[in-house]
Each structure stands twice: as structure tokens, then as C-alpha cells.
Amino acid sequence: MPTIADKRATFRALHEEGFFILPNAWDAGSAVRLTKAGFKAIASSSAGAAWAAGKDDGELSRDEVLAHLRLLVGATNLPVNADFENGFADDPTAVAANVALAIDTGIAGLSIEDWSGNKLYELDLARDRIAAARAAIDAVDPSVMLIGRNENFRVPDMPVAQSIARAVAYAEAGADCLFVPFILDPGALAELVAAVAPKPVNVVIHDYDASIRTFAALGVRRCSVGGSLAKRAWAAVDEAAQLLRQFDP
């Protein structure tokens, strides 16, 4: 079995060249199945984890998420990338403390997003939060990857240029990988990749088809699936439950 150090080294190496799919697990069973399917790494899903706990996305506490990360890490020999939401704090110092707790779960990487729960953080604060997360990682284990995430889809009229500027700021603050979930237009995506190069870019996908190859051709390093895999699984459960329900008097 690979050690935590092995997993972290493997995960970092995956980002150095080429392209890979990073599917999001939501419980131990899904982590095991994705491992058996042959993927090189997995990520957690904040939405999927919440649904598995009978809650809505965003309702899990920091400690519940930490327990969830330990569960995933223990269920697979693959590197695990944590969806660590906003770091469960607004203040950079508190974000750093929480990041240190996340690292202790054995994860290979984690994302910090710039959404407070009701608004985007001002850019200076968002940058400081990434820098604080970077300092926390470097103090514990610099091999852990930090993903800077701009929640552009939370602000429907947010210009692409502004999202890219935020990604650049997060790269400069110490993020190893940049993630702007719904910059999917080929031209805009190529601009994002160029703006943060040589640091890698993550794209989230919901359509599982040949269009994924387009992202690889544009220089995207990895594609995650967010909560879409969990959503498909629960949709199948709901459909089967309705079929069964018709026979329940």
C-alpha cells in the first residue's frame, strides 16, 4: 500500500504533464468503485457528501467534512483531493488552522474557494486567504497541492476577464492549480490556461462524452465532475424507488 507521502508525490506528478480525469466520490463505497474503475486519483464532493448524510450542499460542518475526508482516504490507495469549500472560515488565520487539520486527514490536495456563503470575498481578502492556506501547507507538508477556486457561477454577470484575473492572483498567492468551474468556452478557457501557465487548470464537467477531449487539447490538465456523479447515482435510486413504490399499498 502506498504511504501518504507516496500518494502526495503521485498526485503532484499527475499535474506536471498530460491530462487526467478526477472523479468525485461521496462515500467509501464510491471511492472503492472509482478505484477499481482504474482512475489515477479521486476528489471529494461537498454536495455528494452532504447528500449521503441526508443534508443539502453546504450544510456539513468542518468536523463532518474532516471525518468524511478521513473516510475517503482510508477507503482507497489513490490520492484524494479535498473539496474544502471556503476553508470553513472567513479570516485567513482561521483558514490556515483549518487547512492544517485537513492535511492531517491524509489528503493529497485541497481547494479553497472565494465564496463566503453569500458573496464573493473582496479580491485582497481572497488572495490573503490563499496565501494563508499556502503557508499552512508549507508548514506541515509542502507536497500537498493547493487549488485556488473562483466561484464564478455564483455571480451570473461576472466577466470572464475578472474570473481570470482572480485565478492569476491566486496563482501568485501560492495556489498550485487553478479552478474556475464554469469557464468552458474554448476561447476563454485557452485564455485562462495561458494566463496561469505553467500552473495547471482544472475544469468541472457534467457531460460525459467526447467533448472532454476538447479540454485536453486546450491544455487543461485535469477534469473533475463535481457532484454530477453522485447526482446521477441518486437519480437512479429515486427512479428505482418510484418503480418500487407503486407496489406499496
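Everything here concerns the structure above.
Residues numbered from 1 in each chain as written. Predicted model: local features only at pLDDT ≥ 70, side-chain atom pairs only at ≥ 80, totals over all residues. Heavy atoms only, no water.

**As for the overall build of the chain**
- Along its length, the chain carries 10 helices and nine strands.
- Taking 2.2 N^0.38 as the reference for a compact globule, 249 residues should give roughly 18 Å; the C-alpha atoms of the chain span a radius of gyration of 18 Å, in line with that estimate.
- Taking the principal axes of its C-alpha atoms as reference, the chain extends roughly 60 × 40 × 35 Å.
- A buried classification covers 49% of the 249 residues belonging to the chain.
- Within the chain, counting contacts between residues at least 6 apart in sequence, those at least 24 apart form 66% of the total.
- Element-wise, carbon and sulfur atoms account for 56% of the exposed surface of the chain, whose accessible area totals about 11,400 Å². (Helix = DSSP H or I, 4+ residues; strand = E, 2+ residues; numbered from the N terminus. Rg over C-alpha atoms; globule rule 2.2 N^0.38 Å. Buried < 20%, exposed > 50% of the residue type's maximum accessible area, 1.4 Å probe, protein only. Contact = heavy atoms within 4.5 Å. Areas by Shrake-Rupley, 256 points an atom, 1.4 Å probe, with all protein chains shown as cover.)

**Considerations on the packing of helix α7 (residues 160–172) against helix α8 (residues 186–196)**
- Where α7 meets α8, the closest approach of the two axes is 9 Å, and the angle between their N-to-C directions is 25 degrees. Considering their axes alone, α7 and α8 lie roughly parallel with respect to each other. Of the two possible hands of crossing, α7 and α8 adopt the one that is right-handed. In contact with Val160, Ile164, Ala167 and Val168 of α7, α8 contributes Ala188, Glu191, Leu192, Ala195 and Val196.
- In terms of residue class, the contact of α7 with α8 is built from eight nonpolar, no polar and one charged. (Axes fitted to C-alpha atoms, helices over the stretch in contact; angles between N-to-C directions. Parallel < 35°, antiparallel > 145°, perpendicular 65-115°, else oblique. Left-handed = near helix turned anticlockwise from the far one by under 90°. Nonpolar A, V, L, I, M, F, W, Y, C, P; charged D, E, K, R; others polar.)

**Let's talk about the packing of aromatic side chains**
- One pass over the full model with this rule turns up three aromatic pairs.
- Measuring from ring centre to ring centre gives 6.5 Å for phenylalanine 11 and phenylalanine 20, while their planes differ by 75 degrees; the resulting arrangement is edge-to-face.
- Residue class for phenylalanine 20 comes out buried when judged on its relative accessible area of 3%.
- Over the ring of tyrosine 208 we find arginine 232; its NZ or CZ atom is 3.8 Å from the centre of that ring. (Phe/Tyr/Trp six-rings, centres within 6.5 Å; stacked < 30°, edge-to-face > 60°. Lys NZ or Arg CZ within 6 Å of the ring centre and 35° of its normal.)

**Topic: the environment of phenylalanine 20**
- Relative to the assigned elements, phenylalanine 20 resides in strand β1 (residues 20–22).
- In contact with phenylalanine 20, not counting residues within four places along its chain, are Phe11, Leu14, His15, Lys40, Arg221, Arg222 and Cys223.

**Considerations on the state of the cysteines**
- In this structure the tally under the stated criterion is zero disulfides.
- Here cysteine 177 is not cross-linked by a disulfide; its sulfur's nearest cysteine counterpart is in cysteine 223, at 11 Å.
- Using a relative accessible area of 0% as the deciding quantity, one classes cysteine 177 as buried. (Disulfide = S-S within 2.5 Å.)

**Observations concerning unusual backbone geometry**
- Here the bond from alanine 197 into proline 198 is cis, since omega is 10 degrees, no more than 30 degrees from zero.
- With respect to the element layout, proline 198 can be found in the loop between α8 and β8 (201–204).
- The phi torsion at glutamate 85 lies on the positive side, around 50 degrees, for a residue other than glycine.
- With respect to the helices and strands, glutamate 85 occurs in the loop between β4 (80–83) and α5 (92–103).

**Description of the pattern of salt bridges**
- Considering all chains together, one arrives at 12 salt bridges under this definition.
- The partner of arginine 127 in a salt bridge is aspartate 124, with the nearest N and O atoms 3.0 Å apart. You can see arginine 127 and its partner aspartate 124 sitting in helix α6 (residues 123–140), three residues apart, about one turn around the helix.
- Given a relative accessible area of 28%, arginine 127 falls into the partly exposed group. (Salt bridge = Lys/Arg side-chain N within 4 Å of Asp/Glu carboxyl O.)

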